[in-house]
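# Working through the structure, step by step
Listed below are the residues making up each chain.
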Amino acid sequence: EVQLQQSGPEVGRPGSSVKISCKASGYTFTDYVMNWVKQSPGQGLEWIGWIDPEYGSTDYAEKFKKKATLTADTSSSTAYIQLSSLTSEDTATYFCARSGAAPFAYWGQGTLVTVSS
Amino acid sequence: DVVLTQTPVAQPVTLGDQASISCRSSQSLVHSNGNTYLEWYLQKPGQSPQLLIYKVSNRFSGVPDRFIGSGSGSDFTLKISRVEPEDLGVYYCFQATHDPFTFGSGTKLEIK
């Protein structure tokens, strides 16, 4: 069974960075691209970008190129997203989602990031 | 960027009736490889979104055949027949043909 277990809620101060993890199990980690999606409170969904864990190649939506950094550790089957220079606009739930039949065939449970001083 | 316009914003339904959601794209979603990467997701309250339909009309594993996706080019529809309580939530269309990938703004399926 494919499972994506995300790390717990984070609180970050304005201007700081946070790093969220997404630990994959139930499949070969390097066989599938991992996407990340943002959902602001009460709002819709935004695609942030994807990483290919096998090659480390990435693609980002333009809006997130200076905000998010995607990495993957094949030894632990874990994908990461780091969000930098936090502002109130970054307060949101962040989801990892594994590709398959579609880019988001399987989803993590989401990680809430709150930016607060 | 491709804009996906979903209508209606909210769809009140009676349980057991049919619901229909439209998703129109600002440009054709036919990829150069001939595929059309238009998907439908359902986000139930307090949950992560879940994949329902991929490539316009293909139901994902475990999705009931009450969910039917159709359309072509830039005009797509999701029909849900015999709506059940577990179908309630927000439906999003999504395109992965053009970079950046984009979501529609969502349609809330609610009880009338």
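The sections below set out a description of the structure shown in this document.

### Considerations on the pairing of strand S4 (residues 38–43) of chain B
Residue and element names in this part refer to chain B. With six of its six residues buried, S4 lies for the most part within the structure. Of the two faces of S4, the one lined by Leu-38, Trp-40 and Leu-42 and the one lined by Glu-39, Tyr-41 and Gln-43 are each fully buried. In terms of strand pairing, S4 meets strand S5 (residues 50–54) through three bridges, oriented antiparallel. Bridge assignment links Trp-40 to a residue of S5, and that residue is Ile-53. Taking the residues that link successive antiparallel strands as the turn, the S4-S5 hairpin has six residues, and the phi of Gly-46 there is positive, at about 75 degrees.

### A short note on the state of the cysteines
All names here are of chain A. Tallied over the full model, the rule gives two disulfides over all chains. In this model, Cys-22 is linked to Cys-96 through a disulfide, with the two sulfur atoms separated by 2.1 Å. One quick way to see it: the torsion about the S-S bond of Cys-22 and Cys-96 is about 75 degrees, and its sign makes the bridge right-handed. Note that Cys-22 is positioned in strand S3 (residues 18–25) and Cys-96 in strand S9 (residues 92–98), a separation of 74 residues in sequence. Judged by relative accessible area, which is 0%, Cys-22 ranks as buried. For Cys-96, a relative accessible area of 0% gives the class buried.

### Comments concerning the side chain of Thr-102 of chain B
All names here are of chain B. Relative to the helices and strands, Thr-102 is located in strand S10 (residues 102–103). For Thr-102, a relative accessible area of 12% corresponds to the buried category. Among the polar contacts made by the side chain of Thr-102, one reaches the main-chain carbonyl oxygen of Val-2 at a distance of 3.0 Å. For Thr-102, the residues in contact, after removing those within four places along its chain, are Val-2, Leu-4, Cys-93, Phe-94 and Gln-95.

### Quick word on the nonpolar core
Grouped together as the largest cluster of nonpolar side chains are 66 residues, with contacts concentrated most on Met-34, Trp-36 and Phe-104 of chain A together with Tyr-91 and Phe-103 of chain B. The residues touching Phe-104 of chain A, leaving out its near neighbours within four places in the chain, are Asn-35, Val-37, Trp-47, Ala-97 and Arg-98 of chain A together with Tyr-41, Leu-51, Phe-94 and Phe-103 of chain B.

### Regarding the sheet that holds S3 of chain A
Residue and element names in this part refer to chain A. What the four strands build is an open sheet, ordered S1-S3-S8-S7; its pairing is antiparallel. In the strand order of this sheet, the two ends are held by strand S1 (3–6) and strand S7 (68–73), each with one partner. Across the sheet, the mean angle from the axis of one strand to that of its neighbour is 20 degrees, orientation sign disregarded. Pairing of S1 with S3 involves four bridges; the strand directions are antiparallel. Note on S3: the bridge partner recorded for Gln-5 is Lys-23.

### Let's talk about the pairing of strand S6 (residues 57–60) of chain A
Residues and elements named next belong to chain A. Two strands pair when backbone bridges link them, and strand S5 (residues 45–52) and S6 are joined in this way by four bridges, in the antiparallel orientation. Among the inter-strand pairings, Trp-50 is bridged to a residue of S6, identified as Asp-59. Linkage of S5 to S6, two consecutive antiparallel strands, is achieved through a turn of four residues, within which Gly-56 is found at a positive phi near 75 degrees.

Cut-offs and rules
Residues numbered from 1 in each chain as written. Chains lettered and ligands numbered in written order. Predicted model: local features only at pLDDT ≥ 70, side-chain atom pairs only at ≥ 80, totals over all residues. Heavy atoms only, no water. Buried < 20%, exposed > 50% of the residue type's maximum accessible area, 1.4 Å probe, protein only. Helix = DSSP H or I, 4+ residues; strand = E, 2+ residues; numbered from the N terminus. Pairing = 2+ DSSP bridges. Disulfide = S-S within 2.5 Å. Polar contact = N/O pair within 3.5 Å; in protein donor to acceptor, adjacent residues only side chain to side chain. Contact = heavy atoms within 4.5 Å. Core = buried A, V, L, I, M, F, W, Y, C linked by side-chain atoms within 4.5 Å. Axes fitted to C-alpha atoms, helices over the stretch in contact; angles between N-to-C directions.

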